[in-house]
Amino acid sequence: LGSNAENRVNLVATRILPKVNADGTIGAAQPTRNVADFVRHIVDSIGRGDDAINMQELARLSANVWQPRGEYFDYVFDETNVKEAIDTALRAGMSEFSLENGKIRPVRDDVRTAWEQGYSPQNMVKPLRRSADPHKHDDHDGVEVEYIDSNGWVESVVQCRLPGDAGLRVEKIKLDGVTDRTRAWRFGMRHRRAMKYRRKQYSFQTELAGLNSQYLSYVPLVGEDQDYGQSAIMVSISDNGGQALIYTSEPLQWIDGKDHVVAYRNAQGDVVGPFAASPGPTENSIIADIPKPWPIVSLKMEPPHVYFGTVNDWCFPALITEINPQSTDLVNISAVNYDIRVYADDNNYPQD
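Rules of the game
One numbering rule holds for all chains: residues counted from 1, following each sequence as written. This being a predicted model, a pLDDT of at least 70 is required before a residue's local features are given, and a value of 80 or more before pairs of side-chain atoms are given or counted; all residues contribute to the totals for chains, interfaces and linings. Each side-chain value is worked out from all heavy atoms of the structure, with water and hydrogens disregarded. By definition, two strands form a pair when at least two bridges between them are found by DSSP. Numbering of helices and strands starts at the N terminus; helices are DSSP runs of H or I of at least 4 residues and strands are runs of E of at least 2. Think of each axis as a best-fit line through the C-alpha atoms, taken over the contacting stretch in the case of a helix, with angles from 0 to 180 degrees between the N-to-C directions. Nonpolar cores were defined as sets of buried Ala, Val, Leu, Ile, Met, Phe, Trp, Tyr and Cys residues, with membership established by side-chain atoms within 4.5 Å. Residue exposure (1.4 Å probe, protein chains only): buried if accessible area is under 20% of the type maximum, exposed if over 50%, otherwise partly exposed. In this analysis, two residues are considered to be in contact whenever any of their non-hydrogen atoms come within 4.5 Å of each other. In the cavity and pocket records, a cavity denotes points on a 1 Å grid over the protein atoms alone where a 1.4 Å probe fits but cannot get out, a pocket denotes an open set with protein on both sides within 12 Å along at least 5 of 7 lines, and lining residues are residues with an atom within 4 Å of a point. Grid points are joined across faces, edges and corners, and a volume is the space filled by probe spheres set on the points. You can read pLDDT as the predictor saying how much it trusts each residue, on a scale of 0 to 100. Within this analysis, patches are made of residues with over 30% relative accessible area and no salt bridge. Like charges are joined at 9 Å or less; nonpolar side chains (Val, Leu, Ile, Met, Phe, Trp, Tyr) at 5 Å or less. In short, Shrake-Rupley with a 1.4 Å probe defines the accessible areas, and a residue's cover is counted only from the protein chains shown. Put simply, a salt bridge is a Lys or Arg side-chain nitrogen that is within 4 Å of an Asp or Glu carboxyl oxygen. One fewer than the residue count of a helix, multiplied by 1.5 Å, yields its expected span.

Asker: So what exactly am I meant to see when it comes to the sheet that holds strand E13 (residues 260-265) here?
Answerer: Two orientations exist for strands paired in a sheet by backbone hydrogen bonds: parallel and antiparallel. Taken in spatial order, the six strands close into a barrel running E11-E12-E15-E14-E13-E16, and their pairing is antiparallel. In this sheet, neighbouring strand axes are inclined to one another by 45° on average, regardless of whether the strands run parallel or antiparallel. As paired elements, strand E12 (residues 243-248) and strand E15 (residues 285-288) share four bridges and run antiparallel to each other. Bridge pairing in E15 links Tyr247 to Ser285.

This is the structure in structure tokens:
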């Protein structure tokens, strides 16, 4: 072709790759735009097998999140490394790269409903530290996402604003692999909302309990300030007319005019609850409608931890951002606040 003609010839091709099935197995090769298929291909291309990936989580995200939401990966790499390639592919599915026990694990920040591990003075070596970033006059007040739009395959920009944003200090993001305006906008709005609503930080130290969490684990944190929840050891739990009567190692502070709840950490370390609570016969007892089976209280194992407080302030909901072992028995943990407003535009559409 002549130099003039070759610049006018374009091809849109779809890669043929083995398919990651919903059960984590591998199917026949077929044309695919799926994030999971490409992530697995990257790992396979460097001679690592499926045992280097958390295939169950990769398959779950593919079947339950990415494909139903139309989150695909459309991109041609020039030159990069393995980690950057995986990061780019996962980012198109609003997910991140992490390592878990030596395996690649895709992590998607999403709306959470189930608690994981709980942390309180009962398993913290050092007190919970809290800080917050106040809003400043020079904060970004908007996000601009640049992407390649499949309608013409040209560079496009979508503006992402919250009510009140003037757009005077806009953060610019280049989003590779996304070719749909709505998906680019949702990515930008998620980022903009995180900038506004995720401004609290937490840090604490545990013994080996901290290794039970993972990157972006959804956890309740309880400190030593009784205005924001209390923690104690469960001494006993028994039947009280069909409800659970719990005795704790610490006296409990009830606030007049407030509704209270109680939760507990089970034998696996996960938090169960919270459940509506009322005062028991003593200052260190609670009556609550907790479904059975109830936790076992025995001297042969660590007793359950109890978390108690008002409905809105019994804990600090948080997402784990860093797990840093300091020695053979100490772990430093960092976290940020969980705020459901971050995800409010995940299913919305740009207005302009």
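That was the structure; now back to the text.
Asker: Got a minute to help me understand the nonpolar core in this structure?
Answerer: Side chains of nonpolar character tend, in soluble globular proteins, to be buried together. Grouped together as the largest cluster of nonpolar side chains are 39 residues, with contacts concentrated most on Val39, Leu58, Trp66, Ile86, Leu90, Val145 and Ala184. Leaving out residues up to four positions away in the same chain, Leu58 has contacts with Ala36, Val39, Arg40, Ile53, Trp66 and Pro106. In terms of nonpolar packing, the next biggest core, distinct from the first, is built from 18 residues, Val107, Ala263, Trp314 and Tyr338 among them.

Asker: Help me understand the pairing of strand E6 (residues 143-149), please; the structure alone is not making it clear to me.
Answerer: Every other side chain in a regular strand lies on the same face of the sheet, so the side chains alternate between the two faces. Most of E6 sits inside the fold, with five of its seven residues counted as buried. Alignment of E6 against strand E7 (residues 154-160), held across seven bridges, turns out to be antiparallel. Following the sheet pairing, Ile148 is matched in E7 by Glu155. Here E6 folds back onto E7 in antiparallel fashion, the turn holding four residues, of which Gly152 has a positive phi close to 105°.

Asker: Where do I start with empty space enclosed by the protein in this structure?
Answerer: The gaps left among the atoms become clear once a water-sized probe is rolled over them. Throughout the structure, instances matching the rule amount to one cavity of 30 Å³ or more. Estimates place the volume of the largest cavity at around 50 Å³. Surrounding the largest cavity, Glu71, Arg91, Ala92, Met94, Leu175, Val178, Arg183, Arg186 and Phe187 form its lining. Elements represented by at least two residues in the lining of the largest cavity include exactly helix H4 (82-92) and helix H5 (181-197). Among the elements that take part in the lining of the largest cavity, H5 stands out by supplying three residues, more than any other.

Asker: Which parts of the structure should I look at to understand the confidence of the model for the protein chain?
Answerer: Low pLDDT means the predicted atomic positions in that stretch should not be read closely. Per-chain confidence: the protein chain averages 94 in pLDDT, with 98% of residues scoring 70 or above. Here helix H1 (residues 3-6) stands out as the least confident element of the protein chain, with mean pLDDT 67; strand E10 (residues 218-221) is the most confident, with 98.

Asker: Can you walk me through the environment of Cys160 in this structure?
Answerer: Following the sequence through the fold, Cys160 ends up in strand E7. Residue class for Cys160 comes out buried when judged on its relative accessible area of 0%. Here the alpha-carbon distance between Cys160 and Asp141, two residues 19 residues apart in the chain, equals 9.4 Å. Ignoring anything within four residues of it in the chain, the contact list for Cys160 reads Gly142, Val143, Val145, Trp185, Gly188 and Met189.

Asker: Sorry if this is basic, but what is going on with the pairing of strand E2 (residues 26-31) here?
Answerer: Burial runs low along E2: only zero of the six residues are buried. Across four bridges, the pairing between strand E1 (residues 16-20) and E2 is antiparallel. Directly across from Pro18, in E2, lies its bridge partner Ala29. Counting the residues between successive antiparallel strands, the hairpin from E1 to E2 contains five residues, one of them, Gly24, with a positive phi of roughly 90°.

Asker: I keep staring at a nonpolar patch on the surface and nothing clicks. Help me out?
Answerer: Side chains of Val12, Ile148 and Trp153 sit close together on the surface and give an oily, nonpolar patch of about 290 Å² of accessible area. As for its placement among the helices and strands, Val12 is situated in the loop between H1 and E1. Among the residues examined, Val12 registers a relative accessible area of 58% and is labelled exposed.

Asker: Please clarify how H5 should be interpreted in this entry.
Answerer: Owing to its 3.6 residues per turn, the α-helix brings residues three or four apart onto one side. Taking 1.5 Å per residue, 17 residues should reach 24 Å; H5 reaches 24 Å between its end C-alpha atoms and fits that length. The buried count for H5 comes to 14 of 17 residues, which makes it a mostly enclosed element.

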